[in-house]
Each structure stands twice: as C-alpha cells, then as structure tokens.
Amino acid sequence: MAETCGQVLLGSGLTILSHPLMYIKVLVQVGHEPLPPTLGRNLFGRQVYQLPGLFAYAKHIIKIDGKSGLFKGLTPRLCAGTIGTIVHSKVLQKCQDEKIEIWGSSQKAEDGSLQHVVNETTKEMIARSCATIVTHPFHVITLRCMVQFIGREAKYSGVFDSIVTIYREEGILGFFAGLIPRLLGDILSLWICNMLAHFINTYAIDDSTSHTGEIKNCSQAVTGFFASMLTYPFVLVSNLMAVNNCGLAGGLPPYAAIYPNWLHCWSHLSREGNMSRGNSLFFRKLPAGKMYAIEQKRFF
C-alpha cells in the first residue's frame, strides 16, 4: 500500500510538470496552428521556414489565458493517473499472486529467459489494459478540456459536469471514444519494447563486461523510445477520435473531418500524410503541399 501511495505521489508530480507539454501536443495533433510559420534554421544551419515550437506555442497560450491556462484539463488527468496507478498495481499483484503463466505453466521460467519475458509482459499487458479501460473516461474529459482552447468554449468545465454532458449527449459509449486505438498502441508498444530489449540483452550484450546492468537499463530505455515512435499513430488517432464530433470546434471541420470510426480516421490521416502530426514540438517543418490559412489558424 505504501509503495502504491509513493507511485501515486510521484506520478502526480510528473503529471503536473509535463501537463503543459501534453496540452500543446494535443492542440498540434488536432491541427491548431495559431502562429504563422517563421524563418529559422534547421539542425544543419540552413535557413528554412518552420512552425513555432513548444516555447513559442506556450507563450501564445500564456498571452491569452495566463500561466494557469497551460494547465487546462489537469484535474481529470490527475484523477486518471491516480486511479490508473491503483488499478494497475492491484491487477498486477493479483496476477502475481495467482501465478498466472501463459507459457510453460508447469514449471517456473528462468529469469531472463524468453519464456519469463513473455509471461511477465503478458501480466503487465493485462494490468495496463485494465487501468487504461477504467481511466479512459477521464482521458476523454482531459482532451476535450484542452481542445476547448481552439473555439474558446466552456462546455467541459469540471469533471462532474463533463461526465453529465458526455452521458447526456453521447451515452456510455462517449466515455470510451478512441479507446480501441489507444489500447492497441499500448499493447504493441509494450511487446515491441520488451521483446526488443530481451533480444538485445541476450544476443548483443556480453554479461561478462562491467556495468552490464546499466547497459541493459539503457537498452530498455532506447527500445521504449523506439516502440513509442512506431506506435505514435495509434496515440494520434485515439486522441482525435476522443474529440471527434463532440460539439467542440477542434473536433469538427475544418480542423477535423467527422469520422465514423477510428479506421476511417487512420485512413484519412495516412492519405493526407499527417500520421506523425504533433510527434515533435521542436524543429517543426511545414507540411508538404499545404497552405497556411491565417484566418482559420490551420493548414489546408
């Protein structure tokens, strides 16, 4: 219990610190570009037109809403983080207590073996999936509170009021908009990260060398970053579907088409070449073949 409380406190602190970053990323994912391109230099020193990055975007938000404006949607996100940590911990502990083994249940898998990695990853997948499903309604509320910035709406003003609004307008399914691509992305990212790390640690790292533990931790971090890059389109599609056709300007044309399901959203983004939109908030290049509409604050 004490360990779970520590995780909640640590997670809450990290959530507060990272919230402005997530806020700006979500607005970029939706396609909101309130500032025109500027002439800057790329990594090689060549002059190119770039889109405003993280700090310029943050200054724009502060100019309109003040510093507190960078923390819209923080309360439901903290609720999601707290509940998710508790659910994840309880489910994972349950899997460990019941000794759930997916592969080779008749004998205990040796630490570091492929069998052990598969079993541990499966348990982690179950725990993460349960936490994601339980907390997704708060995730939807968080995203909609953020996207209100585009149209200057106040439709989602608090956690309880937002729950009532979503239930009244969309029913139970409204709380789970964008859940499927989010779950798929989480699961794929987990498996890619753990399996890649296992094969690197097993076949590319010599256990006889010094600092083997540090090297393996580093490989886990690198594979985690690589997995998140590969599965980013699932994050983008999930976030767009969470705000799609919800009555906010950011979820309606011209910022987004009205998608009947997430596969249509994926297909449309793929055709437009926008599958990585919002992936980077630094050195943002202009979309190829797009024109900037200053009145609508977007590219078309």
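All residue numbers refer to positions counted from 1 along the written sequence of the respective chain. Selection of residues for local features in this predicted model requires a pLDDT of at least 70, selection of side-chain atom pairs for listing and counting requires 80 or more, and totals for whole chains, interfaces and linings are taken over all residues. The side-chain numbers reported here are obtained from all heavy atoms of the structure, hydrogens and water having been left aside.

J.: I tried to follow helix α8 (residues 232-243) on my own but got confused; where do I start?
T.: One turn of the α-helix equals 3.6 residues, which is why residues spaced by three or four share an orientation. Note on conventions: DSSP H or I runs of at least 4 residues are helices, E runs of at least 2 residues are strands, and numbering of each starts at the N terminus. For a helix, the expected span equals 1.5 Å multiplied by the number of residues minus one. The first and last C-alpha atoms of α8 sit 17 Å apart over twelve residues, in line with the 16 Å expected at 1.5 Å per residue. Burial within α8 is extensive, with eleven of its twelve residues counted as buried. In the stretch just after α8, N245 is the one whose phi turns positive, near 55 degrees. Relative accessible area decides the class of each residue, using a 1.4 Å probe on protein chains only: under 20% of the type maximum gives buried, over 50% gives exposed, and in between gives partly exposed.

J.: How should I be thinking about helix α5 (residues 159-170) in this particular structure?
T.: With twelve residues, α5 extends 16 Å from end C-alpha to end C-alpha; this agrees with the ideal 16 Å at 1.5 Å per step. By the burial criterion, the buried members of α5 are V159, S162, T165 and I166. Buried residues of α5, viewed axially, fall in a sector of 120 degrees; they line one side. Facing away from the buried side of α5 by over 90 degrees, the exposed positions are F160, Y167 and R168. The criterion used for residue contact is that any of the two residues' heavy atoms lie within 4.5 Å. Buried-residue contacts for α5 involve α3 (74-97) and α4 (114-151). The first or second residue beyond α5 is G171, which carries a positive phi of 75 degrees. This arc describes the spread of directions from the helix axis toward the C-beta atoms.

J.: Help me out: how do you make sense of the sheet that holds strand β3 (residues 284-285) in this one?
T.: Strand-to-strand pairing in sheets goes through backbone hydrogen bonds, with the strands running parallel or antiparallel. When DSSP finds two or more bridges between a pair of strands, those strands are recorded as paired. Taken in spatial order, the three strands line up as β1-β2-β3 in an open sheet, and their pairing is antiparallel. At either end of the open sheet lies a strand with only one pairing partner, and these are β1 (38-41) and β3. Note: strand β2 (residues 47-51) against β3, two bridges, orientation antiparallel. Paired with L51 across the two strands is R284, which belongs to β3.

J.: So what exactly am I meant to see when it comes to the packing of aromatic side chains here?
T.: Two aromatic rings, taken as a pair, are described by how far apart their centres are and by the angle between their planes. For this analysis, a ring pair means two rings from Phe, Tyr or Trp (six-membered ring only for Trp) whose centres lie within 6.5 Å, classed as stacked if their planes differ by under 30 degrees, edge-to-face if by over 60, and tilted for the remaining angles. The final tally for this structure, using the stated rule, is four aromatic pairs. Relative to F149, the ring of Y23 has its centre 6.3 Å away and its plane inclined at 85 degrees; by these criteria the two rings are edge-to-face. Of this pair, Y23 sits in helix α1 (residues 2-30) while F149 sits in helix α4, placing them 126 residues apart in sequence. Judged by its relative accessible area of 0%, Y23 falls in the buried class. Taken together, F234, W262 and W266 form an aromatic cluster joined through their ring pairs.

J.: Even after reading the chapter, I still don't get the environment of R41, so can you show me in this structure?
T.: Note on placement: R41 falls in strand β1. Taking C-alpha positions, R41 is 8.4 Å from F283, a pair spaced 242 residues apart along the chain.

J.: For this particular structure, what's the right way to read the nonpolar core?
T.: Generally speaking, soluble globular proteins have nonpolar side chains that are buried together. By size, the foremost hydrophobic cluster in this structure holds 40 residues, and its most contacted members are I24, L27, I61, V147, C265 and L269. Counting only elements with at least two residues in this core, the list comes to α1, α2 (54-65), α4, α8 and α9 (262-272). Not counting residues up to four positions away in its chain, the partners in contact with C265 are V237, L240, M241 and Y259. By convention a nonpolar core is built from buried Ala, Val, Leu, Ile, Met, Phe, Trp, Tyr and Cys residues, the set being connected through side-chain atoms within 4.5 Å. V87, V91, C95 and A127 belong to the second-largest nonpolar core, a separate cluster that totals five residues.

J.: Help me understand the packing of α3 against α4, please; the structure alone is not making it clear to me.
T.: Helix-helix packing: each pair is described by the crossing angle between the helix axes and the interaxial distance. Where α3 contacts α4, the axes come no closer than 8 Å and their chain directions differ by 160 degrees. One way to sum up the angle between α3 and α4 is to call them roughly antiparallel. Between α3 and α4 the crossing geometry is right-handed. Split into classes, the residues belonging to the contact of α3 with α4 amount to 15 nonpolar, five polar and five charged. Angular values range over 0 to 180 degrees, each being the angle between N-to-C directions of two axes fitted as lines to C-alpha atoms, with helices fitted over their stretch in contact. Convention used here: angles under 35 degrees read as roughly parallel, angles over 145 as roughly antiparallel, angles from 65 to 115 as roughly perpendicular, and any remaining angle as oblique. Two helices cross in a left-handed way if the nearer one is turned anticlockwise from the farther one by less than a right angle. They cross in a right-handed way if the turn is clockwise. Under the grouping applied here, Gly and all other residues not named as nonpolar or charged are polar, the nonpolar ones being Ala, Val, Leu, Ile, Met, Phe, Trp, Tyr, Cys and Pro and the charged ones Asp, Glu, Lys and Arg.

J.: Looking at this structure, how should I read the pattern of salt bridges?
T.: Once their charged atoms are close, side chains differing in charge can pair, the charge on each being opposite to the other. What makes a salt bridge here is a side-chain nitrogen of Lys or Arg within 4 Å of a carboxyl oxygen of Asp or Glu, nothing more. Tallying each qualifying case throughout the model produces seven salt bridges. A salt bridge links K123 to E120, with the nearest nitrogen and oxygen atoms 3.5 Å apart. One end of the pair, K123, and the other, E120, are both in helix α4, three residues apart, so they sit about a helical turn from each other. Put simply, K155 and E169 hold a salt bridge, and the shortest N to O gap is 2.8 Å. In this pair, K155 is assigned in the loop between α4 and α5 and E169 in helix α5, connecting sequence segments 14 residues apart. Each of the salt bridges in this network shares a partner with another, and the network as a whole consists of D65, K72 and R152.

J.: For this particular structure, what's the right way to read unusual backbone geometry?
T.: Located in the positive-phi region is R152, a residue other than glycine, with phi close to 55 degrees. Relative to the assigned elements, R152 resides in the loop between α4 and α5. Located in the positive-phi region is N245, a residue other than glycine, with phi close to 55 degrees. Relative to the assigned elements, N245 resides in the loop between α8 and α9.

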